[in-house]
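Each chain, written out:
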Amino acid sequence: MATPGNNGPKSVFNTFNLVAGTIIVIGLIITVIRFYKGIGAVTNLDDNNPWGIWIGFDLLCGVALAAGGYTTSAACYIFGLKRYHSAVRPALLTAFLGYALVVVALLYDLGRPWRLPYPIFYQHGTTSLLFEVGLCVCIYLTVLFIEFTPALFEWLGMKKLRNFVVKGTLALTILGVVLSTLHQSSLGALYTIAPSKLHPLWYSPYMPLYFFVSSIVAGLSMVIFESSISHKKLHRMMDEEYLKHHDSVVLGFGKACSLILFGYFFIKTMGVAYGNNWHYLASGYGVVFLIEMLGFVALPCFLYAVGVRDKNIKLIQRAAVLTVIGIVFNRFNVSMIAFNYQLPSSERYFPTMMEIGISVFIVTVGVVLFRFITTRMPIFFEHPDYKGEH
Amino acid sequence: MLRRTFLGMLGAACVGATTPGKAGAAGHEFKGYPGSKGVLFDETRCIGCRKCEAACNKVNDLPAPEKKFDDLSVLDTKRRTDSKTFTVVNKYEIEGKGSVFRKNQCNHCLEPACASACFVKALTKSPSGAVVYDASVCVGCRYCMVACPFEIPTYEYDEPLTPRVRKCTMCAPRLAEGKLPGCVEACPKEALTFGTRDELIKIARQRIERYPDRYLDHIYGEHEMGGTSWMYISGDPFSKTGLREDLGTKSAPELTAGPLAAVPMVAGLWPVLLGGIYAVSKRKDKVADEERKDAVDNAIAKASAEAEQTLSEALSKADVANKRKIEVEVKKAVEEALSAKDADEENGEESSEEES
Ligand code: SF4
Ligand code: SF4
């Protein structure tokens, strides 16, 4: 195992850097076209389909999958489950990067991106759920940054500042949970305004609750999923403390996921019953809905349960992958597939290669930053000066 | 308690930050500004001449269309409004009746979904009845377009720096000058009637009463989506002419009132609950610690009592066994000492060799 500071792969021209470099160059080219010629030049968006993959994937999925930050820190600091401590820093870093990139992605989608601060500082549209999303994301991003700074200060050797921030951990964690509850659910609530456009199997007055509950599973599953990748790729940066707790974190999170997925399946079914929408299950959209519910909610719920019973880490990791795909599928359904279902197929939306390119570009930037930071700062290991201090 | 003060402050701040303006949105009924204006469209009178389209194009300074306004062949394909067209007339074939025409434009809802969705208040319902747009604050998020149930707002997607949301303004600038909306003025068949919304509803009722077999008994827009300023009467089901009949009568603010009302509750209640959970888990730790300490103390006490007993037992036994044991031990010690002496001598020789 490497000691902190001795980092990174040897050559600059490894596969990872080459692939990432190419994607980034392509991304930059599309960026230039986007800001030089307008949104219309790079997207398939039109008057019927104002929101495409940049909202459906970058915003909705990005925010849901970055939920590991608040779930993990809440488990550790509020619920007092100390054994999750080693998972907090990676989760917070992911969340911070995730949210920061959500904001970057938004800049592509907004018609006048430089006005992004307007709703917060200039004129408040308080009747809009988007206002709430914007305000919460803005404050939460700040909170995440502060929560992350101890790692930064430890790396820079700024003891006093670091200790100061650490004192506020509990308050920051609670603030983070409040803000997350609000904006995670508001993302679902965004669509409550359009009952005539979203297919009845997905439309429900309970959408805010669905989005909130699924964000918890999304966050926990992402932590499991990510740690399994990091385990392979960044093993050298992990200390014994992290590795010792890793399996118990996975087991604990797996158990929680299984329970929450069960609850989620239940409330989603209640939603269908409440709207008496059973007959739609026999339609084409019904098939999509059933795939989502059975394949990506019920199945991972079951796999998690079995994995936890048998202490089968591999199986839990598979269930996590399935859950993550399921969350993405759900957000795609709400924002694109089941949205505008009333339109004839000729007027429906499908993203251009360039739109997809930007999304891939942004994810790549996130991975590059994650690697850069975790190979330098104390994320997967405790800084030698602050051992066992938490 | 520092923590408690902080939580209190947080709760108060969040509630304070989110309530103003929301109170008005929480599920009340807004019946429109008194005396606000509107337009009634009579489907039975429209002949699809596109004069209204031409007038709209002119008064709003919109770019010239591809095909001239007197070219009626465009009616053969279904069109929607776009950033260069604020109104379109579409032709619908009704079985056993032939062609029916309907004009489409912003309906200027009483509680517009677009305005309630806008997070910078770029769209507002003005007292005149018109829903107007202020491009100087618009961020271009296009949530208004997602929200509008009539698919009206459009966007200048090809404008890199100053894209605007575009839609019919009910000719708000002309209304301010005391003029009629361009389309109303241009209509040769009086298919469009301008007036206060209350008057229009009366007019519509009269027409329906007078010609019951010409009209359906329904004023579209009287209640749809909480009511609109632009309303329709027709002889055919509205869904046949592209107006959705499944929108319901709930206005957009009513639809989102629930989630909005939950905001202060979450902000107020969550910190308290989470603080409580934290306190419980802290307390649990503390109790567990204490219990562990007690248990350890007990165990030690018990163990030392046991140990004392075994010791005294051992001692009394030892008394008997001692004599013999000492003899054996002494013998052993002597033997060991002797053999050690032999070994020492050998070792000493070796080590002195090494040293030299
Ligand atoms: S019809 Fe659409 S654009 Fe016009 S006021 Fe109503 S919601 Fe707004
Ligand atoms: S696009 Fe402009 S007008 Fe429409 S909701 Fe966004 S900020 Fe408001």
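Please read all numbers here as calculations on a predicted model, not as lab measurements.

Conventions adopted
Residues numbered from 1 in each chain as written. Chains lettered and ligands numbered in written order. Predicted model: local features only at pLDDT ≥ 70, side-chain atom pairs only at ≥ 80, totals over all residues. Heavy atoms only, no water. Helix = DSSP H or I, 4+ residues; strand = E, 2+ residues; numbered from the N terminus. Buried < 20%, exposed > 50% of the residue type's maximum accessible area, 1.4 Å probe, protein only. Contact = heavy atoms within 4.5 Å. Areas by Shrake-Rupley, 256 points an atom, 1.4 Å probe, with all protein chains shown as cover. Lys, Arg positive; Asp, Glu negative; His and termini not counted. Charge placed at Lys NZ, Arg CZ, Asp CG, Glu CD. Pairing = 2+ DSSP bridges. Near = heavy atom within 4 Å. Nonpolar A, V, L, I, M, F, W, Y, C, P; charged D, E, K, R; others polar. Patch = residues over 30% accessible without salt bridge, like charges linked within 9 Å, V, L, I, M, F, W, Y side chains within 5 Å. Salt bridge = Lys/Arg side-chain N within 4 Å of Asp/Glu carboxyl O. Phe/Tyr/Trp six-rings, centres within 6.5 Å; stacked < 30°, edge-to-face > 60°. Core = buried A, V, L, I, M, F, W, Y, C linked by side-chain atoms within 4.5 Å. pLDDT = per-residue confidence, 0-100. Axes fitted to C-alpha atoms, helices over the stretch in contact; angles between N-to-C directions. Disulfide = S-S within 2.5 Å. Expected span 1.5 Å × (residues − 1). Buried area = accessible area lost by both parts, 1.4 Å probe.

Caption draft 1: Here's a closer look at the overall build of chain B. Secondary structure assignment for chain B yields 8 helices and 9 strands. A total of 356 residues make up chain B; the buried ones form 42% of that total. Pairs at least 24 residues apart make up 61% of the contacts formed inside chain B by residues separated by at least 6 positions. For chain B, the accessible area works out to roughly 19,800 Å², and carbon and sulfur atoms hold 56% of it.

Caption draft 2: Structural view of the overall build of chain A. Within chain A one finds 14 helices and 0 strands. Taken from the N to the C terminus, the helices and strands of chain A come in the order α-α-α-α-α-α-α-α-α-α-α-α-α-α. When each of the 390 residues of chain A is scored for burial, the buried share is 58%. For chain A, the share of sequence-separated contacts (at least 6 apart) that also reach a separation of at least 24 residues comes to 80%. With an accessible surface of roughly 15,900 Å², chain A has 71% of that area assigned to carbon and sulfur atoms. Here chain A holds 28 positive side-chain charges and 19 negative ones, and the gap between their average locations is 4 Å.

Caption draft 3: Expanded view of the pairing of strand β3 (residues 98–104) of chain B. Residues and elements named next belong to chain B. Counting buried residues in β3 gives 5 out of 7 residues, a clear majority hidden from the surface. As judged from the 7 bridges shared by strand β2 (residues 88–94) and β3, these two strands associate in the antiparallel manner. Bridge pairing in β3 links V89 to K103.

Caption draft 4: View of the site of ligand 1. By nearness alone, 13 residues border ligand 1, and C106, N107, C109, C114 and C148 of chain B come closest of all. Of the residues that constitute the shell around ligand 1, the class distribution is 10 nonpolar, 2 polar and 1 charged.

Caption draft 5: Molecular detail of the environment of N333 of chain A. Residue and element names in this part refer to chain A. By the secondary structure assignment, N333 is in helix α13 (residues 313–337). Along the backbone, N333 and G56 are 277 residues apart, and their C-alpha atoms lie at a distance of 8.8 Å. If we ignore the near neighbours within four places in the chain, the residues touching N333 are L198, W202, V288, E292, A338 and F339.

Caption draft 6: Spatial organisation of a positive patch on the surface. All names here are of chain A. A cluster of basic residues, K232, K233, K314 and R318, forms a positive patch at the surface. Secondary-structure elements contributing two or more residues to the positive patch are α10 (207–233) and α13. Looking at K314, the relative accessible area reads 53%, which means it is exposed.

Caption draft 7: Quick peek at the packing of aromatic side chains. All names here are of chain A. Tallying each qualifying case throughout the model produces 21 aromatic pairs over all chains. Relative to F380, the ring of F370 lies with its centre 6.4 Å away and its plane at 75°, an arrangement referred to as edge-to-face. Taken together, the positions of F370 in helix α14 (residues 353–374) and F380 in the segment after α14 put the pair 10 residues apart, joining distant regions of the chain. Across the pair, F380 and F370 agree in class, each one buried.

Caption draft 8: Representation of the nonpolar core in the model. The biggest cluster of nonpolar side chains holds 160 residues, and the ones touching the most others in it are Y191 and L198 of chain A together with Y143, L192 and W230 of chain B. Take this core: its biggest share by element is 11 residues, from helix α5 (residues 85–109) of chain A. Setting aside residues no more than four positions away along its own chain, W230 of chain B makes contact with V39, F41, K103, Q105, C106, N107, H108, C168, M170, C183, L192 and Y220 of chain B. Counting residues in hydrophobic clusters, the runner-up holds 12 residues, among them F148, I373, M377 and F380 of chain A.

Caption draft 9: Just the confidence of the model for chain B, in detail. All names here are of chain B. The pLDDT averaged across chain B works out to 81; a share of 85% of its residues lies at or above 70. Across chain B, element-level confidence peaks in strand β6 (residues 154–155) with a mean pLDDT of 94 and bottoms out in helix α1 (residues 2–18) with 43. Taken together, the stretch residues 1–27 has pLDDT below 50 and engages in 30 contacts with residues farther than four places along the chain or on a different chain. Residue range residues 349–356 is modelled with pLDDT below 50. Its contacts to residues more than four positions away, or to other chains, number 0 contacts. Among the scores for the predicted complex, ipTM is 0.87 and pTM is 0.82.

Caption draft 10: Seen up close, the sheet that holds strand β9 (residues 230–233) of chain B. Residues and elements named next belong to chain B. The strand order across the open sheet formed by 3 strands is β8-β1-β9, and the pairing between neighbours is mixed. Strands at the two margins of the open sheet, each flanked by one partner only, are β8 (192–196) and β9. In this sheet, adjacent strand axes meet at a mean angle of 25° when their direction is disregarded. Across 4 bridges, the pairing between strand β1 (residues 37–42) and β9 is parallel. The residue of β9 that forms the bridge with L40 is M231. Helix α7 (residues 197–210) rests against β1, β8 and β9 of the sheet, and its axis sits at about 135° to β8.

Caption draft 11: Spotlight on the site of ligand 2. Close to ligand 2 lie 13 residues, the nearest being C118, C138, C141, R142 and C144 of chain B. When grouped by side-chain class, the residues that make up the shell around ligand 2 number 11 nonpolar, 1 polar and 1 charged.

Caption draft 12: Just the environment of V100 of chain B, in detail. Residues and elements named next belong to chain B. Looking at the secondary structure, you find V100 in strand β3. According to the relative accessible area criterion, V100 is buried, its value standing at 9%. With 134 residues separating them along the chain, V100 and S234 place their C-alpha atoms 9.6 Å apart. Not counting the four nearest positions on each side in its chain, V100 is found in contact with E43, N90, K91, Y92, I94, D236 and T241.

Caption draft 13: Inspection of the state of the cysteines at higher detail. Residues and elements named next belong to chain B. Taken as a whole and judged by the stated rule, the model has 0 disulfides over all chains. Of the cysteine sulfurs around C52, a residue in no disulfide, the closest is that of C49, at 6.2 Å. Among the residues examined, C52 registers a relative accessible area of 10% and is labelled buried.

Caption draft 14: Geometry of the pattern of salt bridges. Residue and element names in this part refer to chain B. Across all of its chains, the model carries 16 salt bridges over all chains by this definition. Across the salt bridge formed by D76 and K91, the nearest N and O atoms sit 3.1 Å from each other. One end of the pair, D76, is in the loop between α2 (51–59) and β2; the other, K91, is in strand β2, with 15 residues separating them in the sequence. Taking the relative accessible area as the measure of exposure, D76 reaches 57% and is therefore exposed.

Caption draft 15: Local environment of helix α11 (residues 240–274) of chain A. In a regular helix each residue adds 1.5 Å, so 35 residues correspond to 51 Å; α11 of chain A covers 50 Å between its end C-alpha atoms and thus fits that length. Looking one or two residues beyond α11 of chain A, the residue adopting positive phi is N276 of chain A, at roughly 50°.

Caption draft 16: Focus on the interface of chain A and chain B. Taken residue by residue, the interface counts 64 residues in chain A and 65 residues in chain B. With both chains or domains summed, chain A and chain B bury close to 5,400 Å², and 62% of this area falls on carbon and sulfur atoms. It is D47, R112 and I193 of chain A that lose the most area in chain A upon contact with chain B, and together they represent 14% of the buried surface on that side. The interface formed by chain A and chain B contains 1 salt bridge. Across the pair D109 of chain A and R142 of chain B runs a salt bridge, and its minimum N-O distance is 3.0 Å. Secondary-structure elements contributing two or more residues to the side of chain A that touches chain B are α1 (15–37), α2 (39–42), α4 (68–78), α6 (118–121), α7 (129–156), α9 (169–189) and α10 of chain A. With 9 residues, the top contributor of residues to the side of chain A that touches chain B is α9 of chain A. Across the side of chain A that touches chain B, the residue classes tally to 37 nonpolar, 17 polar and 10 charged.

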